[in-house]
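Chain by chain, the residues:
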Amino acid sequence: MSHLPLITSADPERIVAWRNNEPCSLSRLLMDAKTLAGQLPDRSCLINLCENRYRFLVGLIAGILKGQKTVLPPGRANEDLKRLQQRYESIYCLTDTDTRLGDIEIHRYVDPISSDPVEQATPEVPSAKPLIELFTSGSTGKATPQQKSWGTLWEGARLTGVRLGLDNLTQAAVLATVPPQHMFGLEASILLPLRWGLSVSSEQPLFAADIAASLEKLPAPRILITTPLHLRNCVEEGIKLPQTAFILSATSTLSPTLAAQAEKLFDTQVLEIYGSTETGAIATRRPALESDWSLLPGITLNQETKAWRVTAAHLAESILLSDHLKKTSEHHFILLGRDSDMVKIAGKRASLEDLNLRLQSLDGVEDGVFFLPGRRSASVPRLTAFVVSNILDEQEIAQALREQLDPAFLPRPLFIVDRLPRNATGKLPQSALVALFKQCGAKQ
Amino acid sequence: MLENEVATLIIETLNLRVDPSSIDPQAPLFTEGLGLDSIDALELAMSISKKYGFQLRSNDENNANIFASLSSLSKHIESCRTT
């Protein structure tokens, strides 16, 4: 079986991470990973929930050293973890917080006592073995596992890095506002740094002022990995950000206006990634200047009857996209929209059909449907839901849903109604839901 | 009273369907209690900065305390507000 390096740089003194202003060398990282690997229980799979990005990275490497597959759950709801427990008998959570996690086995991350790092051999990683499992809601709406080999991730990071010009930025420090447990965060804040020898901040700031402060702690050149939501917060707050080489956004479409404002305000380039959990990053664009997406080198798009198929040498198989798009040249395309059943909120995808099924199967719920109202101005779209129940009130239904769903999909608001406007065939026409939404809103 | 004002701001910003007086001032705002998430926190931060003229921080050491409850958020706003 062929192998790839875990990290491009073999220099033990190389700075690979920043923790509270403190640089952390490659040998420190490898030593911490080896220590952790020695403490982890003997199981086949490890759910890495570490929120501190350095600890996540240590956990990931420790899993590789110990031959355990890293599983990144679709969400934090207890139900998500329960399903993983059913899927794998031998699984546990690595966590660095005190959050309650149902009855799954926990290994609490404890920072190793600092001692002088001893030079460690850089591990080799089998390139074809499934190492990381992530989930996507796919076209069926059910969370479907996606296996990622090191070979796929490593080559994906190479292609993206070449496009972003990382060959000239190998001293850069990366800060990300997205968690490493999703595909974009994993690729941009973990794989790009390992592949290109960048250093990464352990922090994951939320508010504009936090982002500025976390960037300030890093040496130039800096790269900010973020989302349209965080970027809008920075622009609206009129915050001053330290100089960045570029800002990289993904998870939902960035408006050209916001991108242009951010470029001007922060005196930088704002670049955007297009991809999916199944494919990883496949295209980029600079929304302030261009509407067309430019495919990464080596990635081809072919139209089939109704969908587009992505093929690339580093992907184990070709993949059908759930988005509608139109090719504008051999290597360029524009996005036209999504499959109408799919909703995407704060970067997380779900199928309305699946959400409806989960709502309808709650004890005490007679009927129910989720509905995505027209967008409130300059705001994140939120789902609403209409529920028929004689027993439960809004709070009780919300509580039951919280056990089932990622918070991003919880209805805001949830309306109790006498009946749903189902037509003769039992379907719920979109127009009837729009009318019901207006009616419920007026009563508020 | 500021606490009521903040409760109303939270409800209006996040389009929640609860009565301001029904929010327990000591109950957690996130995860449990109102069940807010980080998207809500960002929306809330923007409303707070518009209304009270200061920017919320979460990597402050007292971060957990600020969002612990309506009561703690109100106290934080009281001490930081510029308007």
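About the thresholds
Residues numbered from 1 in each chain as written. Chains lettered and ligands numbered in written order. Predicted model: local features only at pLDDT ≥ 70, side-chain atom pairs only at ≥ 80, totals over all residues. Helix = DSSP H or I, 4+ residues; strand = E, 2+ residues; numbered from the N terminus. Rg over C-alpha atoms; globule rule 2.2 N^0.38 Å. Buried ≥ 20, exposed ≤ 12 C-beta atoms within 10 Å, placed from the backbone. Contact = placed C-beta atoms within 7 Å. Pairing = 2+ DSSP bridges. Right-handed = clockwise from strand over helix to strand, strands pointing away. Core = buried A, V, L, I, M, F, W, Y, C linked by C-beta atoms within 7 Å. Axes fitted to C-alpha atoms, helices over the stretch in contact; angles between N-to-C directions. Parallel < 35°, antiparallel > 145°, perpendicular 65-115°, else oblique. Left-handed = near helix turned anticlockwise from the far one by under 90°. Nonpolar A, V, L, I, M, F, W, Y, C, P; charged D, E, K, R; others polar.

## Regarding the overall build of chain A
Logical step 1: For chain A, the count of helices and strands is 11 helices and 27 strands.
Logical step 2: Here the C-alpha radius of gyration of chain A, 23 Å, is about what a compact globule of 444 residues would show, namely 22 Å.
Logical step 3: A principal-axis box enclosing the C-alpha atoms of chain A has dimensions of 70 × 50 × 45 Å.
Logical step 4: Expressed as a percentage of the 444 residues in chain A, the buried residues total 44%.
Logical step 5: Sequence-distant contacts in chain A: of pairs separated by 6 or more residues, those separated by 24 or more amount to 59%.

## A closer look at the sheet that holds strand E18 (residues 299-303) of chain A
Residues and elements named next belong to chain A.
Logical step 1: The strand order E18-E19-E20 describes an open sheet built from 3 strands, whose pairing is antiparallel. Each end of this open sheet is capped by a strand with a single partner; those strands are E18 and strand E20 (319-320).
Logical step 2: One ladder, built from 2 bridges, connects strand E19 (residues 308-312) with E20; its direction is antiparallel. Of the residues in E20, the one forming a bridge with arginine 309 is leucine 320.

## Overview of the pairing of strand E13 (residues 222-226) of chain A
All names here are of chain A.
Logical step 1: Buried residues dominate E13, accounting for 5 of its 5 residues.
Logical step 2: Relative to E13, strand E11 (residues 173-176) is paired through 4 bridges, and the arrangement is parallel. When the sheet's bridge partners are listed, valine 174 is paired in E13 with isoleucine 223.
Logical step 3: Bridging between E13 and strand E14 (residues 246-249) involves 4 bridges; their strand directions are parallel. Counterpart to isoleucine 225 in the pairing with E14 is leucine 248.
Logical step 4: With respect to chirality, the unit in which E13 leads through helix H7 (residues 228-236) into the neighbouring parallel E14 is right-handed.

## Remarks on the nonpolar core
All names here are of chain A.
Logical step 1: Leu29, Leu57, Val174 and Ile225 are the most contacted members of the largest nonpolar core, which totals 144 residues.
Logical step 2: Of the residues forming this core, the biggest block, 9 residues, is contributed by helix H5 (residues 183-196).
Logical step 3: Beyond its immediate stretch of four places on either side in the chain, valine 174 contacts Ser189, Leu192, Pro193, Leu198, Ser199, Val200, Ser201, Ile223 and Ile225.

## A look at the packing of H7 of chain A against helix H8 (residues 256-266) of chain A
Residue and element names in this part refer to chain A.
Logical step 1: Interhelical geometry of H7 versus H8 gives an angle of 55 degrees and a closest axis separation of 10 Å. Relative to H8, H7 is oriented oblique. Where H7 crosses over H8, the handedness of that crossing is left-handed. When H7 is examined against H8, the residues Pro228, Leu231, Arg232 and Val235 are found in contact with a partner set consisting of Leu258, Gln261, Ala262 and Leu265.
Logical step 2: Looking at the contact of H7 with H8, its residues break down into 6 nonpolar, 1 polar and 1 charged.

## Observations concerning the sheet that holds strand E7 (residues 106-108) of chain A
All names here are of chain A.
Logical step 1: Strand order in the open sheet formed by 6 strands is E7-E6-E4-E5-E9-E10, with mixed pairing between adjacent strands. One side of each edge strand has no neighbouring strand; the edge strands of this open sheet are E7 and strand E10 (144-149). Along the sheet, successive strands turn relative to each other by an average axial angle of 30 degrees, direction set aside.
Logical step 2: Running over the sheet, helix H2 (residues 53-66) touches strand E4 (45-48), strand E5 (69-71), strand E6 (91-95) and strand E9 (130-136) and is turned about 175 degrees from E4.

These values are about where atoms sit, not about what they do.
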